[in-house]
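Examination of the molecular architecture
Here are the chains, one letter per residue:
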Amino acid sequence: MSQTLKVVIDKAACCGYGVCAEICPEVYKLDANGIVYVDDPIVPEGLEDQAREGAEACPQAALAVVDA
């Protein structure tokens, strides 16, 4: 069984590059201003690696994936 992960967003740090949403659109969404949000902070099973990759790719380090 895989561990449950949660996305933590620092909205103030997000500059709207959208790299996270390109890598893992199932988890990371962009609002009308290009700022990241998630429909659900819990990462769906099977998307853990992609969610981590999306967070790590953020140039502003606005995202973290942590144990829920």
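Preceding block: the structure.
Bear in mind the structure is a predicted one, so any value in this text is a computation, not a measurement.

Describing the overall build of the protein
Along the backbone of the protein there are two helices and four strands. Moving toward the C terminus, one meets the helices and strands of the protein in the order β-α-β-β-α-β. Computed over the C-alpha atoms, the radius of gyration of the protein is 11 Å, within 12% of the 11 Å expected from 2.2 N^0.38 for a compact globule of 68 residues. Dimensions of the protein along its principal axes, counting C-alpha atoms only, are 35 × 15 × 15 Å.

Section: the pattern of salt bridges
Side chains bearing opposite charge may pair, as long as their charged atoms lie close to each other. Summed over the entire model, instances satisfying the criterion amount to one salt bridge. Linking aspartate 49 and arginine 52 is a salt bridge whose minimum nitrogen-to-oxygen distance equals 3.4 Å. A residue pair is termed a helical-turn pair when its members lie 3 or 4 positions apart in one helix, as aspartate 49 and arginine 52 do in helix 2 (residues 48-56) at three residues. Overall, aspartate 49 belongs to the exposed group, its relative accessible area being 60%. With a relative accessible area of 29%, arginine 52 lands in the partly exposed category.

A few points about the side chain of glutamate 48
Within the secondary structure, glutamate 48 sits in helix 2. Although buried, glutamate 48 forms no salt bridge, and the nearest oppositely charged side chain, arginine 52, lies 6.6 Å from it. Polar side-chain contacts of glutamate 48 include one of 2.9 Å to the backbone nitrogen of glycine 46.

Concerning the nonpolar core
Counting residues in hydrophobic clusters, the biggest one holds 18 residues, and the most contacted among them are Val7, Val27, Tyr28, Val36, Val43 and Leu63. Secondary-structure elements contributing two or more residues to this core are strand 1 (5-9), helix 1 (19-23) and helix 2. The contacts of valine 27, once residues within four sequence positions are left out, are Val7, Tyr37, Val38, Val43, Pro44, Leu47 and Ala51.

Calculation notes
Residues numbered from 1 in each chain as written. Predicted model: local features only at pLDDT ≥ 70, side-chain atom pairs only at ≥ 80, totals over all residues. Heavy atoms only, no water. Helix = DSSP H or I, 4+ residues; strand = E, 2+ residues; numbered from the N terminus. Rg over C-alpha atoms; globule rule 2.2 N^0.38 Å. Salt bridge = Lys/Arg side-chain N within 4 Å of Asp/Glu carboxyl O. Buried < 20%, exposed > 50% of the residue type's maximum accessible area, 1.4 Å probe, protein only. Lys, Arg positive; Asp, Glu negative; His and termini not counted. Polar contact = N/O pair within 3.5 Å; in protein donor to acceptor, adjacent residues only side chain to side chain. Core = buried A, V, L, I, M, F, W, Y, C linked by side-chain atoms within 4.5 Å. Contact = heavy atoms within 4.5 Å.

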